[in-house]
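Fold and contact review
Here is how the chains run, residue by residue.
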Amino acid sequence: ASFEQMITEDVIPLVDSRYRTIADRKHRAVAGLSWGAKQAYDLGLGYPQYFASMAGFSGIIVIGEFNRTNPGFRDPKQFKEAYNGIFSDARKFNKETDLLFIANGEAEGNHLSDMSKLLKKRGIKNIYYQSPNTAHEWLTWRRSLYNFAQLLFKED
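None of the values given here were measured: they were computed from a predicted structure. (Residues numbered from 1 in each chain as written. Predicted model: local features only at pLDDT ≥ 70, side-chain atom pairs only at ≥ 80, totals over all residues. Heavy atoms only, no water.)

**Structural notes on the overall build of the protein chain**
To keep things clear, this is the line we draw: Runs of E in the DSSP output that reach at least two residues are strands. Runs of H or I that reach at least four are helices, and both are numbered from the N terminus. C-alpha atoms define the radius of gyration, and 2.2 Å times the number of residues to the power 0.38 defines the globule rule. Working definition: with a 1.4 Å probe on protein chains only, accessible area under 20% of the residue-type maximum means buried, over 50% means exposed, and in between means partly exposed. His is not counted here, nor are the chain ends, while Lys and Arg score as positive and Asp and Glu score as negative. To locate a charge, the coordinates of NZ of Lys, CZ of Arg, CG of Asp or CD of Glu are taken.
Looking only at helices and strands, the protein chain has six helices and four strands in total. Each helix and strand of the protein chain, placed in order from N terminus to C terminus, yields the pattern α-β-α-β-α-α-β-α-β-α. What you see for the protein chain is a C-alpha radius of gyration of 15 Å, in line with the 15 Å of a compact globule of 156 residues. Based on the C-alpha atoms only, the size of the protein chain along its principal axes is roughly 45 × 35 × 35 Å. Out of the 156 residues belonging to the protein chain, those deemed buried represent 42%. Charge separation in the protein chain, taken as the distance between the mean sites of 21 positive and 18 negative side-chain charges, equals 5 Å.

**Considerations on the packing of helix α1 (residues 2-18) against helix α2 (residues 35-46)**
The following threshold applies: Each axis is a line fitted through C-alpha atoms, and for a helix only the stretch in contact is used; angles between axes span 0 to 180 degrees, taken between their N-to-C directions. Put simply, angles under 35 degrees are roughly parallel, angles over 145 are roughly antiparallel, angles from 65 to 115 are roughly perpendicular, and the rest are oblique. Handedness of a crossing is defined here by the sense of rotation of the near helix relative to the far one, left-handed for an anticlockwise turn of less than a right angle and right-handed for a clockwise turn. Every residue pair with non-hydrogen atoms within 4.5 Å of one another is taken to be in contact. Lys, Arg, Asp and Glu make up the charged group, whereas Ala, Val, Leu, Ile, Met, Phe, Trp, Tyr, Cys and Pro make up the nonpolar group; the residues left over, Gly among them, are polar.
It is at 11 Å that the axes of α1 and α2 come closest, and there the two elements cross at 60°. Put simply, α1 runs oblique to α2. In terms of crossing hand, the pair formed by α1 and α2 is right-handed. Two secondary-structure elements touch here, α1 through Phe3, Glu4, Ile7 and Thr8 and α2 through Gln39, Asp42 and Leu43. Classifying every residue of the contact of α1 with α2 by side-chain character gives three nonpolar, two polar and two charged.

**Let's talk about the packing of aromatic side chains**
For clarity, the threshold we go by: Stacked, tilted and edge-to-face are the three classes applied to pairs of Phe, Tyr and Trp rings, where Trp contributes its six-membered ring and a pair requires centres within 6.5 Å; stacked means planes under 30 degrees apart, edge-to-face means over 60, and tilted covers the rest. In this analysis the charged atom, NZ for Lys or CZ for Arg, is taken to sit over a ring once it is within 6 Å of the ring centre and within 35 degrees of the ring normal.
Here the structure, examined in full by the defined rule, presents nine aromatic pairs. With a centroid separation of 6.2 Å and 70° between ring planes, the pair formed by Phe57 and Phe148 is classed as edge-to-face. Residue Phe57 is located in strand β2 (residues 53-57), and its partner Phe148 is located in helix α6 (residues 138-152); the two are separated by 91 residues in the primary sequence. For Phe148, a relative accessible area of 4% puts it in the buried group. For the pair Tyr83 and Phe87, a centre-to-centre distance of 6.5 Å together with 90° between the ring planes defines the contact as edge-to-face. Like Phe87, Tyr83 is buried. In textbook terms, an aromatic cluster arises when at least three aromatic residues are bridged by ring pairs, as seen for Phe79, Tyr83, Phe87 and Phe93. Sitting over the ring of Phe79, Arg122 keeps its end group 4.5 Å from the ring centre.

**Focus on unusual backbone geometry**
Phi is positive for Asn84, close to 60°, though the residue is something other than glycine. For Asn84, a relative accessible area of 76% corresponds to the exposed category. Even without being a glycine, Asn133 presents a positive backbone phi close to 60°. You can see Asn133 is positioned in the loop between β4 (127-131) and α6. Using a relative accessible area of 70% as the deciding quantity, one classes Asn133 as exposed.

**A few points about a nonpolar patch on the surface**
Rules: Each patch is built from salt-bridge-free residues with over 30% relative accessible area, joining like charges within 9 Å and nonpolar side chains (Val, Leu, Ile, Met, Phe, Trp, Tyr) within 5 Å. Values of accessible area rely on a 1.4 Å probe in the Shrake-Rupley scheme; residue burial ignores everything except the protein chains shown. What makes a salt bridge here is a side-chain nitrogen of Lys or Arg within 4 Å of a carboxyl oxygen of Asp or Glu, nothing more.
Taken together, the side chains of Phe3, Met6, Val11, Val15 and Tyr19 define a hydrophobic patch exposed on the protein surface, amounting to about 420 Å² of accessible area. Taking relative accessible area as the criterion, Val15 reaches 33% and is therefore assigned partly exposed.

Next comes the structure, spelled out in structure tokens:
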């Protein structure tokens with residue numbers, strides 16, 4: 001919680017005051033890798049008033065108590081209640097969220113692919129990318145960032 005408070009109360013205002021930013025949620029994204037992916041999802045999903053786009057590279061959306069064999073995103077009740085109910089109305093989520101990007105390396109397994117499919121099954125739009133022939137490593141994250149940036153900075 002202190003990390004999220006620091007980002008929303010200190011870092012974002014500091015960046016917006018010192019740099020030529022467009023200081024609104026539509027022009028702000030958050031991304032992270034590994035455990036930072038979990039933190040990026042926590043920020044993007046938990047503070048939608050700040051972020052319209054989010055990405056996680058090699059990290060899972062943690063809902064409820066983290067359990068590698070049965071993460072909370074698989075539990076329909078926990079899923080709908082997570083992040084102040086952000087997933088309870090898929091239509092609203094899709095309208096207000098520009099981009100939810102999920103990525104991992106091929107050697108990391110299919111758990112993030114499964115998460116992406118489950119989100120889609122529940123009506124939550126997302127983009128899934130799997131880096132070929134890589135694992136939990138820099139090349140995965142570089143490729144993931146490249147693909148995320150292509151979607152984030154595309155011209156309308």
